[in-house]
Amino acid sequence: MSDNRKSDPPSGFGPTHGVQSSHVTSVYVYEAPLRLWHWTNAAAIVVLAITGFLIGSPLPSQPGDPSSSFLMGYIRFAHFTAAYVFAIGFLFRIYWAFVGNSHARQMFIVPVKSAAWWKEVLFELRWYLFLEKRPKKYVGHNPLAQIAMFVFIVLGSIWMIFTGFALYGEGEQAGSWASRVFGWVIPLAGQSQDVHTLHHLGMWFIIAFIIIHVYVAIREDIMSRQSLVSTMISGERTFKDDDPE
Amino acid sequence: MAQLETFYDVMRRQGISRRSFLKFCSLTATALGLGPLYTARIAHAMETKPRTPVIWLHGLECTCCSESFIRSAHPLVKDVVLSMISLDYDDTLMAAAGHQAEAALEDTIEKYKGQYILAVEGNPPLNEDGMFCIIGGKPFVEQLKHAAQNAKAIISWGSCASHGCVQAARPNPTRAVPVHKVITDKPIIKVPGCPPIAEVMTGVITYMLTFDRLPELDRTGRPKMFYSQRIHDKCYRRPHFDAGQFVEHFDDEGARRGYCLYKMGCKGPTTYNACSTVQWNEGTSFPIKAGHGCIGCSEEGFWDKGSWYARLTDIHAFGVEANADKIGGTVAGAIGATVAVHAAISALKRAQTKSASKSVQKMDTH
């Protein structure tokens, strides 16, 4: 670890994560529990997307006696287990936003009222459209990433948890906790079939995010002025140059 | 007010033996999911209580609910239920016609204010001031509101009255709406299905007569005893679903072996009804048993959910017909392609800047 490591970079507006780092070569950004959440969540999403797809479009028929196979049962079991991991993980992530460092809150609080922040969003858009030559340095998420995290991960997770557990409550039957807590989603959406449609759309929504997220993380790791992928492993944000701007 | 006969009196008058009467009571107790002790309670209620007057209205409908109702499997039901309740007005079944029929309706409303049950089959169309359904020279919606005013409770028979059904399907030219959209101040029991199962219909009525209260309803107003589980939950083909054994075509080996119809678009997993337990026509069969998937006829808007042979609902946005997976797959594919192009441009740009900075460095060293 580097010697000039700081928990927060100096000065700037509002929460420190939006600020461009000035003359700091390494900052401890993502605390261990948050990193653990990131990778468990990623694994849960992979399992959920694959098993979810197989529940909607099952594999070719299994041969033999129905009692000799429980394929759909196991696929659904994996889906429900991963769903619990995903949902409990999300609750933990909300808890961590309260007790963790300022970066842990960035995903949940988007400073939509800040003009300066919107200017940064515009700058990031220009950077991705190849209209800016030199990217800016960020300790936390850049503003564009912050929007993506909020829309896809915060709203997307809530969407999938609500629709998913509503459907789970159907199988668990009336009176089960899932049916009591989330059962109201079904008549709100129309009927069960509509909730299925919304749940499928949610899956594609998150898959769209994953494609962009993985690509941008790797691209920024190469092309930006700070570390991306390794940061989510070590927690340290390192910078490739000491330039103040 | 005329002294009403009890159910038992009527049954005896109809030549039903006491033995058959008790059999009916125990069967009803079983159908309602009650313990054997309730047989005596049902019998007692039937022996002592006056018959409840029922007004049965018909709006926009196909009479399939009535057809189902009069075919209720238990012989006693077939013979007696129509006499058990005091069906004072039912324009399909009553002998009276024209002014006589209308007079019977007014009579019942006047005589049994706040006591009669209003059973509604079909629904009111609201477009053109309700002119698409005229009963006795007046729009049905007026008759419905008039009869509902003094009703004790309303039973919405079938998917028409409960959800709107085919006449409310897109684009719904007559603006047909379910009963609960017009009557908002009365307890409404929805008994959806196209038609509902006969035993479910008689079961709901018997429960209300026996216990003098509405059956317990779920979130959407359906009696829990018949609509709290999906077809899928009690389907006899469920083991094939769990095993992953599916019919892929209607003429394949799986179809012959009676595998799960999930891939043929069976709506069993999204449909709440009692078909897989009570079954139809004296418990003979139900669609899945006959080799065809459930079409979800007791679910909200089932006509508008796309093909009966597809699991996923059609989405009609953007002028194309697709389902969630087609739309999602296309979007994900488009994003993937965009990412690939973006990556290629990024690599090019990077190569450019690298060679540029290298030449700068070279100049520096010189």
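Residues numbered from 1 in each chain as written. Chains lettered and ligands numbered in written order. Predicted model: local features only at pLDDT ≥ 70, side-chain atom pairs only at ≥ 80, totals over all residues.

1. With respect to the overall build of chain A
What counts here: Secondary structure elements are defined from DSSP: runs of H or I of at least 4 residues count as helices, runs of E of at least 2 residues count as strands, and each element is numbered from the N terminus. Think of it as a crowd count around each C-beta: if 20 or more other C-beta atoms lie within 10 Å the residue is buried, if 12 or fewer it is exposed, and in between it is partly exposed, with C-beta placed from the backbone throughout. In this description, any two residues whose backbone-derived C-beta atoms lie within 7 Å of each other are considered to be in contact.
Looking only at helices and strands, chain A has nine helices and two strands in total. Secondary structure elements of chain A, listed N to C terminal, follow the sequence β-α-α-α-α-α-α-α-α-α-β. By the burial criterion, 31% of the 245 residues in chain A qualify as buried. Residue pairs at least 24 apart in sequence account for 63% of intrachain contacts in chain A once pairs closer than 6 positions are excluded.

2. What about the pairing of strand 1 (residues 53-58) of chain B?
All names here are of chain B. Definition in use: We call two strands paired when DSSP finds no fewer than two bridges between them.
With six of six residues buried, strand 1 lies mostly within the body of the structure. Of the two faces of strand 1, the one lined by Pro53, Ile55 and Leu57 and the one lined by Val54, Trp56 and His58 are each fully buried. Pairing between strand 1 and strand 3 (residues 117-121): five bridges, direction parallel. Across the sheet, the residue bridging to Trp56 is Ala119, located in strand 3.

3. Some thoughts on the sheet that holds strand 7 (residues 188-191) of chain B
Residues and elements named next belong to chain B. Put simply, the rule reads: The axes are straight lines fitted to the C-alpha atoms, using for helices just the contacting stretch, and the angles between their N-to-C directions are given from 0 to 180°.
Pairing is parallel in the open sheet, where five strands are placed in the order 2-1-3-6-7. Both edges of this open sheet fall to strand 2 (86-90) and strand 7, since each of them pairs with a single strand only. In this sheet, adjacent strand axes meet at a mean angle of 20° when their direction is disregarded. In the sheet, strand 3 pairs with strand 6 (residues 153-157) via five bridges, with the strands oriented parallel. Looking across to strand 6, one finds that Glu121 is bridged to Trp157. Of the strands in this sheet, strand 1 and strand 2 touch helix 6 (residues 98-111), which is tilted by about 135° from strand 2. Seen against the sheet, helix 9 (residues 198-211) touches strand 3, strand 6 and strand 7 and runs at an angle of roughly 155° to strand 7.

4. A closer look at the nonpolar core
Within soluble globular proteins, side chains that are nonpolar generally end up buried alongside one another. Counted only if it meets this: By convention in this section, buried Ala, Val, Leu, Ile, Met, Phe, Trp, Tyr and Cys residues joined through C-beta atoms within 7 Å make up a nonpolar core. Domain start and stop positions are those given by an automatic or database domain assignment.
Counting residues in each nonpolar core, the largest one holds 73 residues, and the members touching the most others are Ile55, Leu118, Ala119, Val120, Ile154, Ile155 and Val204 of chain B. Looking at this core, the element that brings in the most residues is helix 9 of chain B, giving eight residues. Counting residues domain by domain, this core receives three or more from each of domain 1 (7-227) and domain 2 (231-366) of chain B. Leave out the neighbours within four places in its chain, and Ile155 of chain B touches Ile117, Ala119, Val120, Ile189, Val191 and Val204 of chain B. Core analysis: the second largest hydrophobic core is formed by 20 residues, Leu48, Ala82, Phe162 and Val185 of chain A among them.

5. Here's the deal with the interface of chain B and chain A
In this complex, chain B contributes 43 residues to the contact, which on the side of chain A involves 36 residues. The element contributing the most residues to the side of chain B that touches chain A is helix 14 (residues 324-365) of chain B, with 13 residues.

6. Quick notes on the confidence of the model for chain A
Rule in force here: pLDDT is defined as a per-residue confidence score from the predictor, taking values between 0 and 100.
Counting all residues, the mean pLDDT for chain A is 88, and 90% of those residues have values of 70 or more. For residues 1-15 of chain A, every residue scores under 50 in pLDDT, and the model assigns this stretch 28 contacts once sequence neighbours within four places are set aside.

7. Focus on the environment of Met46 of chain B
All names here are of chain B. Looking at the secondary structure, you find Met46 in helix 3 (residues 37-48). For Met46, a count of 25 C-beta atoms within 10 Å gives the class buried. Here the alpha-carbon distance between Met46 and Val10, two residues 36 residues apart in the chain, equals 9.8 Å.

8. Quick notes on the environment of Glu110 of chain B
Residue and element names in this part refer to chain B. Along the polypeptide, Glu110 turns up in helix 6. Overall, Glu110 belongs to the exposed group, with 9 C-beta atoms counted inside 10 Å. Along the chain, Glu110 and Asn150 lie 40 residues apart, while their C-alpha atoms are 8.6 Å from each other.

9. A word on the packing of helix 2 (residues 18-31) of chain B against helix 3 of chain B
Residue and element names in this part refer to chain B. Stated precisely, the cut-off is as follows: The labels follow the angle: roughly parallel below 35 degrees, roughly antiparallel above 145, roughly perpendicular from 65 to 115, and oblique for the rest. Should the near helix be turned anticlockwise from the far one by less than a right angle, the crossing is termed left-handed; should it be turned clockwise, right-handed. Charged means Asp, Glu, Lys or Arg here, nonpolar means Ala, Val, Leu, Ile, Met, Phe, Trp, Tyr, Cys or Pro, and polar covers whatever is left, Gly included.
Relative orientation of the contacting elements helix 2 and helix 3 amounts to 125°, with a least axis distance of 8 Å. Taken together, helix 2 and helix 3 sit at an angle that is classed as oblique. Crossing geometry of helix 2 relative to helix 3 is assigned as right-handed. For the pair formed by helix 2 and helix 3, the contact residues are Leu22, Cys25, Ser26, Thr28 and Ala29 on the first element and Tyr38, Thr39, Ile42, Ala43 and Met46 on the second. When its residues are assigned to classes, the contact of helix 2 with helix 3 shows seven nonpolar, three polar and no charged.

10. A look at the confidence of the model for chain B
All names here are of chain B. With 92% of its residues at a pLDDT of at least 70, chain B reaches an overall mean of 86. Taken element by element, the predicted model of chain B shows its lowest mean pLDDT in helix 5 (residues 75-84) (54) and its highest in strand 7 (96). On the interface metric, ipTM, the complex scores 0.85, and its pTM is 0.86.

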